[in-house]
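Fold and geometry: a report
Okay, here's what each chain looks like letter by letter:
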Amino acid sequence: MEYKIALLKGDGIGPEIVESACEVLDKVGEKFGHKFNYEAYLMGGCAIDATGVPLPDETVAGCKASDSVLLGAVGGPKWDTLPGHLRPEKALLGIRHALGLYTNIRPAKLYSALSAECPLRADIVEKGVDIVMIRELTGGIYFGERGRRDGQFGPEAYDTEAYSEFEVERIARAAFDTAMKRDRKKVTSIDKANVLESSRLWREVVHKVAKDYPEVECVDMLVDNAAMQLIKNPSQFDVVVTSNMFGDILSDESSQITGSIGLLPSASLGDSKCGMYEPIHGSAPDIAGTGKANPIATILSAAMMLRYSFDLEEEARCIEKAVDDVLAAGWRTADILGTSDATPLSCKEMTAKILEQI
Ligand code: NAD
């Protein structure tokens, strides 16, 4: 099969890590008989420099015409003083909106070879951490009615959490579909149904959707308990699904369990198969051009693209296993050196090690 991928390399370390991910995709393509065709578009600071705007129309059109989008990272000190609508980060919200990406998927996996980097106790870590956090991305309190008014005690402000059955159902289906592709097949739905009416609706709809997935175990958990359980017993989680705000907070909490920002991929999906895949870190301007960038988060984002946009599960697992094997063999970039006395690899060297394993 042939696939058309839009590349948004962006700024800082963006171009180097996207290049690494493309090399890995090409190697997987060679091995499994697929061809990946790339078309690069400008987004972020580089787009401001070239065109005056962070998200040119041509970029949006190019992404829409592709089978999927791979993003490096945008932003940097050069553009920090521009007004809000011209900031590189504005392009991120713009492209997510333009592509209708309402599902954010962030895996948080602790590699056993890196367990020393985990801030949790060894006896907790040894049970393993392999969570896929699914956050609703375009609804809830971040998009609800808000304002200021005169209240009983004087001026007050309010924000509104509102979810439709439709919005909950589509994110719940994304979670159950994800669980079906995993070995444990468990979904933990996180809400605050003891207090919030929107959470009670959330729970009802999740239960309704669960009936369509009899192979998947479905567990409800209140968000305050979930915040504790992620620290106390993270191995109990497989797929987690939750609202925009709870997901914002809990996905950051879970990412910290894994130790390094340079390892964590993400996917943003909508109704079509065309998703956007990106590392969770930024453009790391402090190390851009030094060769110190860890390409793993972007390489694993490419693996997610194979899984979610192209239904190439075996190929996705091949990349993930290559990363596992390289880390297990003790190869490290500078950001994941920890207490190891290994010589840190450059971005290109780490990419080469991963290519060898494919
Ligand atoms: P950052 O994630 O870029 O960097 C934080 C720290 O982690 C830095 O020390 C950096 O060197 C290190 N780091 C990040 N990724 C790494 C990697 N792959 N390998 C090795 N080390 C890595 O966050 P920041 O410094 O707060 O932001 C820098 C710029 O990135 C800002 O302009 C910010 O707005 C932007 N940003 C963009 C995105 C995105 O494009 N999705 C996300 C977050 C921040």
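Criteria and thresholds
Residues numbered from 1 in each chain as written. Predicted model: local features only at pLDDT ≥ 70, side-chain atom pairs only at ≥ 80, totals over all residues. Heavy atoms only, no water. Buried < 20%, exposed > 50% of the residue type's maximum accessible area, 1.4 Å probe, protein only. Helix = DSSP H or I, 4+ residues; strand = E, 2+ residues; numbered from the N terminus. Pairing = 2+ DSSP bridges. Domains from an automatic or database assignment. Contact = heavy atoms within 4.5 Å. Buried area = accessible area lost by both parts, 1.4 Å probe. Salt bridge = Lys/Arg side-chain N within 4 Å of Asp/Glu carboxyl O. Polar contact = N/O pair within 3.5 Å; in protein donor to acceptor, adjacent residues only side chain to side chain. Nonpolar A, V, L, I, M, F, W, Y, C, P; charged D, E, K, R; others polar. Axes fitted to C-alpha atoms, helices over the stretch in contact; angles between N-to-C directions.

**Brief notes about the pairing of strand β10 (residues 239–242)**
Neither face of β10 is left uncovered, since the one carrying Val-239 and Val-241 and the one carrying Val-240 and Thr-242 both have all their residues buried. Both strand β5 (residues 130–136) and β10 contribute to a ladder of four bridges, which runs parallel. Bridging across to β10, Arg-135 finds its partner in Thr-242. Where strand β8 (residues 186–191) lies against β10, four bridges are found, and the strand directions are parallel. For Ser-189, the partnering residue across the bridge sits in β10 and is Val-241.

**Re the domain arrangement of the protein**
When its domains are assigned, the protein resolves into domain 1 (1–103 + 263–358) and domain 2 (119–257). Relative to domain 2, the C-alpha centre of domain 1 lies at a distance of 26 Å. Listed per partner, the contact involves twelve residues of domain 1 and 13 residues of domain 2. The junction of domain 1 with domain 2 conceals about 950 Å² of combined surface from both sides, 57% of it contributed by carbon and sulfur atoms. The largest per-residue losses of area from domain 1 upon contact with domain 2 belong to Tyr-102, Thr-103 and Tyr-308, which jointly make up 55% of the total buried on that side. At the boundary of domain 1 with domain 2, the tally comes to two salt bridges. Note that Arg-317 and Asp-183 form a salt bridge whose closest N and O atoms lie 3.8 Å from each other. Counting across the interface, domain 1 meets domain 2 through two residue pairs in polar contact (both at pLDDT 80 or more). Taken together, the elements giving at least two residues each to the side of domain 1 that touches domain 2 come down to α10 (296–308) and α11 (313–328). Considering only residue class, the side of domain 1 that touches domain 2 consists of five nonpolar, two polar and five charged.

**A closer look at the sheet that holds strand β3 (residues 68–73)**
Each strand in a sheet pairs with another by means of backbone hydrogen bonds, the pair being arranged parallel or else antiparallel. A sheet is described by the order of its strands in space; here ten strands give the open sequence β2-β1-β3-β12-β11-β4-β5-β10-β8-β9, paired in mixed fashion. Of all strands in the sheet, those bounded by a partner on one side alone are β2 (35–40) and β9 (217–222). The average angle at which neighbouring strand axes cross in this sheet is 25 degrees, direction not considered. With five bridges joining them, strand β1 (residues 2–10) and β3 adopt parallel strand pairing. Within β3, the residue paired with Ala-6 across the bridge is Val-69. Here helix α6 (residues 165–180) sits on the sheet in contact with β4 (103–109), β5, β8, β9 and β10, set at roughly 160 degrees to β5.

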